[in-house]
Amino acid sequence: MKTAKRLEGIGEYYFSQKLREIDEMNKAGKQVINLGIGSPDLPPHPDVIKTLHEEALKQNQHGYQNYKGSPVLRNAISRWYKKWYNVDLNTDTEILPLIGSKEGIMHICMTYINEGDVVLIPNPGYPTYRSAATIAGATIIEYKLKEENNWFPDFVELEKVFDTPKSLPFGGRFRGGLMFVNYPHMPTGKLPTKELFVQLVAFAKKHNILICHDNPYSFILNDSPMSLLSVDGAKDVVIELNSLSKSHNMAGWRMGMLVGAKQKIDEVLRFKSNMDSGMFLPVQLAAARALELGPEWHSEVNKVYTKRRKKIFEMLKILDCSFDENQAGLFVWASVPSNFKDGYELSDKVLGDSNVFITPGGIFGSAGDKYVRVSLCSSEDKIEEAINRIKIKVNV
Ligand SMILES: Cc1ncc(COP(=O)(O)O)c(C=O)c1O
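In this text, all values refer to a predicted model and were calculated from it rather than measured experimentally. (Residues numbered from 1 in each chain as written. Predicted model: local features only at pLDDT ≥ 70, side-chain atom pairs only at ≥ 80, totals over all residues. Heavy atoms only, no water.)

## Notes on the environment of Met279
By the secondary structure assignment, Met279 is in the loop between helix H8 (262-272) and helix H9 (281-291). As a C-alpha pair, Met279 and Asp348 span 69 residues in sequence and 40 Å in three-dimensional space. Residues within four places of Met279 in sequence aside, it is in contact with Gln65, Pro97, Leu98, Ile99, Arg254, Met255 and Gln284. (Helix = DSSP H or I, 4+ residues; strand = E, 2+ residues; numbered from the N terminus. Contact = heavy atoms within 4.5 Å.)

Below is the structure:
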């Protein structure tokens, strides 16, 4: 049987393909150091694991769960949003726990996109926005983020999408649509400003757009987490995805959330409740515990990333890459030296010569072609070893 049309143009996720290649290299004894993927290698807080353990031992915790998640978890999310982002969320109506924020991207596309509807996605940006929107049948319009514009959207360019009939596949002025936004931005590590957030909300209101702000990195190497929902009136036009994957070292637990106005939550739930059931209750209760952790947790985690980042800077200097030292999130984004055609060439060379994998920026879109992205999710020792391997090759 042939695959469905909606999968046309959807390839295997770059990393699953690359991981197979790295696997083959490891089987051949190469011991590749993988500085590609942003999966935190450190464990969650011990109290979180203890809660999971204790709750899982109880007799009555193993049944199907409410589609909207446990009230304990929704309460914890509501308090967490107030404490860190100063955003008020109604516990019963404005929060939807998710099996990681990645699934939320798909649910949102399936909830709002009809065949041919426009979805605005950042270039460079998280590849899932494109694939989820494509599967849902969207017409994708990329908005380019450029280093010279601080990796912020160029609103003058964006306005042209609305003003120039030619830029639209179906002709005529574009009204409505969905736009993915993500700050701190992955892959560039760019932090948002309040002005940017205010501008985005005004833009969405002007053009009747629904913005989905994807916010999983706000606690990593950043002392001032911000939510797009903190802008006055944002709930009219913004929904926000968030996640414990990075902030609480719980990537494998699959714990995320969608927050926003009741109507939007209800709409997405109409789709999601037909796809899956509520998460395992002990996981939800342990996640609620994680959300109660204080600033000490984040500063401990960030101390580790700060040390690693220093080493990654050292590595990138050896490779003659240039970068902004003020980046947030789990990666360092760096531009490749001019003797390399692009980040793919540099990544292949480092993998071939030194058995170290760094991600070519082009997988995040054409605007990332001249860059590479290096993950902070390996120990200092591993990064040190990567540096030594690279040094040997660069010096021959
Ligand atoms: C920008 C961005 N959004 C979402 C996700 C997915 O996170 P989760 O683990 O919550 O599904 C990632 C993970 O790498 C990401 O980089």
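## Some words on unusual backbone geometry
Here the bond from Tyr183 into Pro184 is cis, since omega is -5 degrees, no more than 30 degrees from zero. Counting through the fold element by element, Pro184 comes out in the loop between strand E5 (178-181) and helix H7 (194-207). Backbone torsion omega between Met186 and Pro187 reads 15 degrees, so that peptide bond is classified as cis. Mapping Pro187 onto the fold places it in the loop between E5 and H7. In this structure, Asp320 takes a positive phi of about 65 degrees despite not being glycine.

## A few points about the pattern of salt bridges
The tally for this structure, following the rule as stated, stands at 24 salt bridges. A salt bridge links Arg74 to Asp92; the shortest N-O distance between them is 3.6 Å. Here the residue Arg74 occupies a position in helix H3 (residues 71-85), and Asp92 occupies one in the loop between H3 and strand E2 (95-98), the gap between them amounting to 18 residues. Under the relative-accessibility criterion, Arg74 is labelled buried at 5%. Lys160 is the salt-bridge partner of Glu157, the closest N and O atoms lying 2.8 Å from each other. With Glu157 and Lys160 both in helix H6 (residues 155-163), this residue pair falls three residues apart, about one helical turn. We classify Glu157 as partly exposed; its relative accessible area is 39%. Beyond isolated ion pairs, a larger network of salt bridges with shared partners links Asp47, Arg79, Arg289 and Glu292. (Salt bridge = Lys/Arg side-chain N within 4 Å of Asp/Glu carboxyl O. Buried < 20%, exposed > 50% of the residue type's maximum accessible area, 1.4 Å probe, protein only.)

## Let's talk about the side chain of Lys311
Take Lys311: it is sitting in helix H10 (residues 295-318). What makes Lys311 buried here is its relative accessible area of 18%.

## As for the sheet that holds strand E4 (residues 139-144)
On the basis of which strands lie adjacent, the open sheet formed by seven strands has the order E2-E8-E7-E6-E5-E3-E4 and mixed pairing. Strands at the two margins of the open sheet, each flanked by one partner only, are E2 and E4. Across the sheet, the mean angle separating the axes of adjacent strands is 20 degrees when strand polarity is ignored. Sheet analysis places E2 next to strand E8 (residues 256-259), joined by four bridges and oriented antiparallel. (Pairing = 2+ DSSP bridges. Axes fitted to C-alpha atoms, helices over the stretch in contact; angles between N-to-C directions.)

## Points about the packing of aromatic side chains
Across all of its chains, the model carries 16 aromatic pairs by this definition. When the ring of Trp151 is compared with that of Tyr371, the centres are 5.3 Å apart and the planes differ by 75 degrees; the resulting orientation is edge-to-face. Taken together, the residues span a long stretch of sequence, with Trp151 in the loop between E4 and H6 and Tyr371 in strand E12 (residues 371-375) at a distance of 220 residues. Of the two residues examined, Trp151 and Tyr371, each falls in the buried class. Between Phe313 and Phe323, the aromatic rings sit 4.7 Å apart at their centres with planes inclined by 15 degrees, giving stacked as the arrangement. Separated by ten residues along the polypeptide, Phe313 in helix H10 and Phe323 in the loop between H10 and strand E9 (331-335) bring together distant segments of the chain. The burial state of Phe313 is the same as that of Phe323; both residues are buried. Members of the aromatic cluster, joined through ring pairs, are Trp80, Tyr81, Trp84, Tyr85 and Phe219. Lying over the aromatic face of Phe331, Arg373 brings its terminal NZ or CZ to 3.5 Å of the ring centre. (Phe/Tyr/Trp six-rings, centres within 6.5 Å; stacked < 30°, edge-to-face > 60°. Lys NZ or Arg CZ within 6 Å of the ring centre and 35° of its normal.)

## Looking at the pairing of E12
Buried residues dominate E12, accounting for five of its five residues. Burial along E12 is two-sided: the residues Tyr371, Arg373 and Ser375 and Val372 and Val374 are all buried. The pairing of E9 with E12 spans five bridges and is antiparallel. Bridge pairing in E12 places Ser335 opposite Tyr371. Judged from the two bridges that link them, strand E11 (residues 359-360) and E12 form a sheet pairing that is antiparallel. For Pro360, the partnering residue across the bridge sits in E12 and is Val372.

## Overview of the site of the ligand
Taken together, 14 residues sit near the ligand, with Asp214, Tyr217, Ser243, Ser245 and Arg254 positioned nearest. Here a nitrogen atom of the ligand and a side-chain polar atom of Asp214 are 2.5 Å apart. Residue composition of the shell around the ligand, by class: five nonpolar, five polar and four charged. (Near = heavy atom within 4 Å. Polar contact = N/O pair within 3.5 Å; in protein donor to acceptor, adjacent residues only side chain to side chain. Nonpolar A, V, L, I, M, F, W, Y, C, P; charged D, E, K, R; others polar.)

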